[in-house]
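Architecture and fold: a report
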Amino acid sequence: MKIFLDTANIDEIRVAAKTGILDGVTTNPSLIAKEGKAFEDVIAEICSLVDGPISAEVVSTETAGMISEARHLAGLHDNIVVKVPLTREGIGAVSVVSQEGIRTNVTLCFSPLQALVAAKAGATMVSPFTGRLDDIGHDGMEICSEIVQIYENYGYTTEVLVASIRSPKHVLEAALMGADIATIPPKVFDTMFNHPLTDKGLAAFLADWEKAGDAVTGAVPAGSD
Ligand code: G3P
């Protein structure tokens with residue numbers, strides 16, 4: 001499963017990128033707005049830090065506007081994937097720009113049928129928002145799993161990008177269902193490295209090593225020659 005970071009914060013991206021396991025980054029207008037910096041500067045900086053798909057979202061709501069924004073954004077850097085909302089107008093735009101070779105991430109997807117139309121329009125990725133579905137009493141992961149199934153049934157190449165992840169359990173479920181990508185907020189990303197038994201085990205290994213001293217490090221005792 002590919003791992004994307006779901007943030008527009010440069011410091012968070014820089015720290016996560018150091019692990020070497022980051023495959024891409026997703027942003028949205030809310031995440032960009034939080035940073036208080038110019039959109040294109042933020043996107044350029046992210047592209048310089050992570051060599052993988054970087055989602056940058058259009059803000060027009062009409063098909064023509066989305067098409068022209070998509071062309072502009074895609075021209076900024078080879079790694080840019082244009083995020084387009086899953087509206088009727090957005091699907092119209094994806095149908096056009098996907099024919100031009102522009103990669104798209106169809107976002108704000110909340111149902112398997114929406115995901116079906118995204119795939120038919122030629123979307124590169126579709127983003128079902130699992131946490132927001134859970135928030136209104138639906139089972140977000142069930143919907144993600146139905147999308148995976150539909151795409152398998154018909155051999156669609158659109159990648160399922162599980163978004164709106166709120167917990168490590170969401171990441172686990174995405175991996176178990178065979179989702180192509182999970183976009184993970186930094187706080188959840190950090191939890192993936194940790195286990196108390198790893199810390200406890202490592203502390204014991206190092207204490208034993210320390211106790212054994214010269215016998216294991218091979219140090220020559222002073223005055224032995
Ligand atoms: O990038 C879009 C998505 O992951 C947003 O998540 O937590 O705002 O529902 P959230």
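Higher on the page you've got the structure.
Our subject in this report is the structure included herewith. (Residues numbered from 1 in each chain as written. Predicted model: local features only at pLDDT ≥ 70, side-chain atom pairs only at ≥ 80, totals over all residues. Heavy atoms only, no water.)

**A short note on the environment of Trp209**
Put simply, the rule reads: Think of it this way: any DSSP run of H or I at least four residues long counts as a helix, any run of E at least two long counts as a strand, and we number them from the N terminus. By the convention used here, residues are in contact when the closest approach between their heavy atoms is within 4.5 Å.
Looking at the secondary structure, you find Trp209 in helix H11 (residues 196-212). Setting aside residues up to four positions removed in sequence, Trp209 forms contacts with Val216 and Thr217.

**Details of the packing of helix H6 (residues 112-120) against helix H8 (residues 140-154)**
Rule in force here: Axis angles are defined between N-to-C directions and span 0 to 180 degrees, where every axis is a line fitted to C-alpha atoms and, for a helix, only to the segment in contact. Each angle is binned into one of four classes, with values under 35 degrees roughly parallel, values over 145 roughly antiparallel, values of 65 to 115 roughly perpendicular, and all other values oblique. In a left-handed crossing the near helix is turned counterclockwise from the far helix by less than a right angle, and in a right-handed crossing that turn is clockwise. Only Asp, Glu, Lys and Arg are considered charged in this grouping, and only Ala, Val, Leu, Ile, Met, Phe, Trp, Tyr, Cys and Pro are considered nonpolar; every other residue, Gly among them, is considered polar.
With their axes 9 Å apart at the nearest point, H6 and H8 run at an angle of 40 degrees to one another. One finds that H6 runs oblique with respect to H8. In the packing of H6 onto H8, the handedness of the crossing is right-handed. Residues Pro112, Ala115, Leu116, Ala118 and Ala119 of H6 form the contact with H8, whose participating residues are Ile143, Glu146, Ile147, Ile150 and Tyr151. For the contact of H6 with H8, a count of residues per class yields nine nonpolar, no polar and one charged.

**Brief notes about helix H1 (residues 10-17)**
What counts, and what does not: Type-normalised accessible area, obtained with a 1.4 Å probe on protein chains alone, sets the label of each residue: buried when under 20%, exposed when over 50%, and partly exposed for intermediate values. The directions considered for the arc are those from the helix axis to the C-beta atoms. Polar contacts, as counted here, are pairs of nitrogen or oxygen atoms within 3.5 Å of one another; within protein the pair requires one atom able to donate a hydrogen and one able to accept it, and residues that are adjacent in sequence qualify only if both atoms are side-chain atoms.
Residues Ile10, Ile13 and Ala16 constitute the buried set of H1. Taken end-on, H1 shows its buried residues confined to a sector of 135 degrees, consistent with a single buried face. When the buried face of H1 is taken as reference, the exposed residues oriented beyond 90 degrees from it are Asp11 and Val15. At its buried positions, H1 is contacted by strand S1 (2-6), strand S2 (24-26), helix H3 (39-49) and helix H10 (186-191). By the N-cap criterion, in which a side-chain oxygen at the helix start approaches the backbone nitrogen of a residue two or three places on, H1 is capped by Asn9, the distance to Asp11 being 3.1 Å.

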